[in-house]
Amino acid sequence: MTRIVGTNVPRKEGPSKLLGVARYVDDITMPGMLHGATVRSTIARGRVTSIAFASHIPWHEFTIATADDIPGRNLVPMFLEDQPLLAKETINHPHEPILLLAHPERERLAAAVAAVQITYEATPAIFTIEDSVARTQTIWGEDNTFKKFHLEHGPVDEAFATADLIVEGEYSTGAQEQLYIETNGVIAEATPESVTVWGSLQCPFYVHRALKVIFNLPDEGVRVVQTETGGAFGGKEEFPSVLAGHAALLALKSGRPVKMIYDRAEDMAATTKRHPSRTRHRTAVSRDGKLLAADIEVVIDGGAYATLSPTVCSRATIHAAGPYQWPAVRVRSCAVATNTPPSGAFRGFGAPQSLFAMERHMDKIARAVGLTPEELRRRNFIRAGGTTSTGQTIHQPIDLDALLNRALEVSGYHEKTERFTRDNAGSPIKRGIGFATFMHGAGFTGSGERYLNSLVGLEATPEGRVHVLVSSAEFGQGTNTILAQIAAEALNADYALIDVAQPDTGVVPNSGPTVASRTAMIVGGLVERAAQGMIETLRLAGFLAEDYAPAEFAPAVRAYVEQFGELKSFHRYESPGNIFWDDQAYMGDAYPTYAWAVYVAEVAVDTTTYTPTVTRFDALQEVGKVLHPILAAGQIEGGVAQGIGYALYEKCVWRDGAMINNGMTNYIMPTSADLPPIHVHFAEIPFEGGAFGAKGIGELPMDGPAPAILNAIENALGIPFHHIPLMPEDIFEAMTETAC
Ligand code: MOS
């Protein structure tokens, strides 16, 4: 039995947010501080031929920085070293940063940015996956391809040669903006010997590494501090390295602190979004609905530079075949270049794209073989002891049949399927219900956690409190609360005694980035072990008995610190001996474990206005031990809301590679008035590899809503849709076509 884990303790950062004392980066000012702004390209591809400064601006008041001012490498350091911090001559996408300006008065910047006159020689650009794959223009490397994967096992071609049935389908997804409430922002201070950045970000050590390269500094020359962060969703995973580099460059050139905060329009137009995708399925099926072989091709649009596209592509690949037992499977995938601003990390990280395709395709296969969507899935679910598409054996006692039973029961699926069919006849409102079954890997892929080699620490204070030292960042998802719960539980101490230190690379060890649904499971697990180490120390020194009450912990710590001066405990990640991954073959244990889910969507389509509405949503998931029920449910509700937006509302409109609806009035995300009741249900199978049995939960809820909703819309209208976002005009077109 746990005391604190599994209960709804108050959020650690709750009071400071509630009282308005939490300080976001734009709340911070420094003496002599300047404000920075970015001058960006207005063309998608070409060359800068001249830069002139209009004479009506007093330029001597401004600090101006270009690529020539960079002391180290002009690079945004990522896997593939292709993206410059500032374009020098070559332009590869609209809104590419070319030049930076700083001034003491923020209000003076817009006019100055507009007064920098850049002329270009434009070259033909490409904006779609189709053009990139066809190499209408070669814009990156030899073949526009950042990364390819090919995973294959079993007799794929033989299965297709002998199958009763082959079902094919093509599915595509659009870009999606993360739309965190707080836009990207940082403050930087710099000298030739040191750079310090405070900012709204997910991964302090990613920014730390980037700044070392850009400013040619050693580890100790760079310090990165995460300030209170108003949402991130992946959008502050890699992008803050760009902004931190820009602000620090202006700070170095001016000798003053420089603040750069994007407004919403700039944030939406110039920073990363979810990768658009196209997925093709060919499936060999037997007459009785057994999946015999998958042949899947996934292409994601990475934009002009590679950023994290190789990793996003990897996740899309690994999740592409869904939670099914395939005798033979082939997944080929690639991330390709287009002349749009780089795509990047966004909650789900490739899996929402490929799982949308798989789960829409399952309903198509069901129709083709004459089974219900439910029965087709039951005949093919992966089971405990079965293997995933990467050949990973599922050791956990997962029972997807039972999960499906429960989800269909709590959502009233069977009763509604019948009732809706009956009531739809003659009604302008067509109702439908559909579902998706899926999984999401928790933690870094393959050998990723071993490379990260994360380290966490606990440090006691003379007052008997304990600080959790991690680089994991709170940005609204509850990191500080759950890590404090885990520490309090493992220390058998009061929750109120635990604080999580502000992520400051000068203070905390590198516990890895706050991404990949890894914080609760992986970092939490390390915190649990570090706590055990601290107890061990207190016991060996005679300050704690074998058994002790929570009230005895703080006095023991105080006594220890008084005698020995300090009390710290660190724990470093150790790879569980039973995880094997082959990076070449892309086979093996892709993740320490998976979370599993069945999501059921109920929709109503108004055939007068062609407007689809989600009227109820049931989200059932098995996520290991639930550490904090309210926060966990909040994660699911938020993910489902984002998934509903992804499916039905959020459409990026592009012109020549630039997003032109880059405002919250014309990029429409669902508001609370658009959202249905979201019923969240958990099944808990504690995972021995995670903190108190927890698995990852952050990304999972992004994967299921879109296919469940489009499955429900097909159920309502009898029309299959294969692309998201699905807009009323798409439904109008399809329905009027059908009518003719
Ligand atoms: Mo993420 S999309 O793992 O920040």
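Residues numbered from 1 in each chain as written. Predicted model: local features only at pLDDT ≥ 70, side-chain atom pairs only at ≥ 80, totals over all residues. Heavy atoms only, no water.

1. Brief notes about the overall build of the chain
At step 1: Of the regular secondary structure elements, the chain holds 20 helices and 28 strands.
At step 2: Taking 2.2 N^0.38 as the reference for a compact globule, 740 residues should give roughly 27 Å; the C-alpha atoms of the chain span a radius of gyration of 26 Å, in line with that estimate.
At step 3: For the chain, the spread of C-alpha atoms along the three principal axes comes to 75 × 70 × 50 Å.
At step 4: Taking all 740 residues of the chain together, 62% fall into the buried category.
At step 5: Within the chain, residue pairs in contact and separated by at least 24 positions form 81% of the contacts whose partners lie at least 6 positions apart.
At step 6: In the form shown here, the chain has an accessible surface area of approximately 26900 Å², with 53% of it arising from carbon and sulfur atoms.
At step 7: Between the averaged position of the 60 positive side-chain charges in the chain and that of its 85 negative side-chain charges there is a distance of 1 Å. (Helix = DSSP H or I, 4+ residues; strand = E, 2+ residues; numbered from the N terminus. Rg over C-alpha atoms; globule rule 2.2 N^0.38 Å. Buried < 20%, exposed > 50% of the residue type's maximum accessible area, 1.4 Å probe, protein only. Contact = heavy atoms within 4.5 Å. Areas by Shrake-Rupley, 256 points an atom, 1.4 Å probe, with all protein chains shown as cover. Lys, Arg positive; Asp, Glu negative; His and termini not counted. Charge placed at Lys NZ, Arg CZ, Asp CG, Glu CD.)

2. Re the domain arrangement of the chain
At step 1: Along its sequence, the chain is organised into domain 1 (14-22 + 454-572), domain 2 (32-123 + 184-261) and domain 3 (277-445 + 586-739).
At step 2: The C-alpha-based centres of domain 2 and domain 3 are spaced at 37 Å.
At step 3: Domain 2 puts 19 residues into the contact, and the matching count from domain 3 is 22 residues.
At step 4: Contact between domain 2 and domain 3 buries roughly 1600 Å² in total, counting both sides, with carbon and sulfur atoms accounting for 62%.
At step 5: Run the count over domain 2 and domain 3 and you get 0 salt bridges.
At step 6: Across the domain 2-domain 3 interface, the total number found is 6 residue pairs in polar contact (both at pLDDT 80 or more).
At step 7: Grouping the constituent residues of the side of domain 2 that touches domain 3 by class yields 8 nonpolar, 6 polar and 5 charged. (Domains from an automatic or database assignment. Buried area = accessible area lost by both parts, 1.4 Å probe. Salt bridge = Lys/Arg side-chain N within 4 Å of Asp/Glu carboxyl O. Polar contact = N/O pair within 3.5 Å; in protein donor to acceptor, adjacent residues only side chain to side chain. Nonpolar A, V, L, I, M, F, W, Y, C, P; charged D, E, K, R; others polar.)

3. A closer look at the pairing of strand β14 (residues 291-301)
At step 1: Counting buried positions over the 11 residues of β14 gives 9, a clear majority of the element.
At step 2: When strand β13 (residues 277-285) meets β14, the two strands line up antiparallel, connected through 9 bridges. Residue pairing for β14: Arg282 is matched across the bridge by Asp295.
At step 3: Between β13 and β14, which follow one another and run antiparallel, lie 5 residues, and Gly289 among them has a positive phi close to 85°. (Pairing = 2+ DSSP bridges.)

4. Some remarks on the pattern of salt bridges
At step 1: Taken as a whole, this structure holds 46 salt bridges when the rule is applied.
At step 2: For Arg367, the salt bridge goes to Glu714, with nearest N and O atoms at 2.4 Å. Placement of Arg367 in helix α9 (residues 351-369) and of Glu714 in helix α19 (residues 705-717) is noted, with a sequence separation of 347 residues between them.
At step 3: On the basis of relative accessibility, which here comes to 10%, the residue Glu714 falls in the buried class.
At step 4: One continuous salt-bridge network, built from bridges that share partners, spans Glu152, Asp157, Arg282, Asp295, Arg330 and Arg332.

5. Some words on the sheet that holds strand β6 (residues 116-122)
At step 1: Read from one edge to the other, the open sheet built from 3 strands follows the order β4-β2-β6, with strand pairing classed as antiparallel. Looking at the sheet topology across the chains shown, the edges are occupied by β4 (90-91) and β6.
At step 2: Strand direction decides the pairing type here: strand β2 (residues 46-53) and β4, joined by 2 bridges, are antiparallel. Residue pairing across strands places Arg47 opposite Thr90, the latter belonging to β4.

6. What to know about the packing of helix α15 (residues 519-540) against helix α16 (residues 553-564)
At step 1: Contact pair α15 / α16: the axes reach a minimum separation of 11 Å and the direction vectors enclose 70°. Overall, the two elements α15 and α16 adopt an arrangement that is roughly perpendicular. For the crossing formed where α15 meets α16, the hand is left-handed. Here Met534, Thr537 and Leu538 of α15 come into contact with α16, specifically with Phe553, Ala556, Val557 and Tyr560. (Axes fitted to C-alpha atoms, helices over the stretch in contact; angles between N-to-C directions. Parallel < 35°, antiparallel > 145°, perpendicular 65-115°, else oblique. Left-handed = near helix turned anticlockwise from the far one by under 90°.)

7. Quick word on the packing of aromatic side chains
At step 1: One pass over the structure, following the stated rule, counts 16 aromatic pairs.
At step 2: For the pair Tyr591 and Tyr594, a centre-to-centre distance of 5.4 Å together with 80° between the ring planes defines the contact as edge-to-face.
At step 3: Looking at Lys236, its charged tip hangs above the ring of Tyr180, at a distance of 4.5 Å from the centre.
At step 4: Across the ring face of Tyr646, the terminal group of Arg274 is positioned such that the distance to the ring centre comes to 4.9 Å. (Phe/Tyr/Trp six-rings, centres within 6.5 Å; stacked < 30°, edge-to-face > 60°. Lys NZ or Arg CZ within 6 Å of the ring centre and 35° of its normal.)

8. A closer look at the pairing of strand β18 (residues 466-469)
At step 1: As judged from the 4 bridges shared by strand β17 (residues 455-460) and β18, these two strands associate in the antiparallel manner. Paired with Ala460 across the bridge in β18 is Val466.
At step 2: The antiparallel pairing of β17 with β18 creates a hairpin that spans 5 residues between the two strands, and Gly464 there sits at a positive phi of about 90°.
At step 3: Across 3 bridges, the pairing between β18 and strand β19 (residues 498-500) is parallel. Paired with Val466 across the bridge in β19 is Ile498.
At step 4: On the question of chirality, the crossover connecting β18 to the parallel β19 by way of helix α14 (residues 479-491) is right-handed. (Right-handed = clockwise from strand over helix to strand, strands pointing away.)

9. Comments concerning a nonpolar patch on the surface
At step 1: On the surface, Leu18, Leu19 and Val21 cluster together into a nonpolar patch covering about 380 Å² of accessible area.
At step 2: Note that Leu18 resides in helix α1 (residues 14-18). (Patch = residues over 30% accessible without salt bridge, like charges linked within 9 Å, V, L, I, M, F, W, Y side chains within 5 Å.)

10. Things to note about the environment of Arg558
At step 1: With respect to the helices and strands, the residue Arg558 is situated in helix α16.
At step 2: Judged by relative accessible area, Arg558 falls into the partly exposed class, the value being 38%.
At step 3: Between the alpha carbons of Arg558 and Glu528 there is a distance of 21 Å; along the sequence they are 30 residues apart.
At step 4: Ignoring sequence-local partners within four residues, the contact set of Arg558 consists of Pro462, Glu463 and Gly464.

11. Brief notes about the environment of Val468
At step 1: Note on placement: Val468 falls in strand β18.
At step 2: Spatially, the C-alpha atom of Val468 lies 8.9 Å from that of Asn480, the residues being 12 residues apart in sequence.
At step 3: Ignoring anything within four residues of it in the chain, the contact list for Val468 reads Gly457, Leu458, Ala487, Ile498, Asp499, Val500, Ala501 and Val527.

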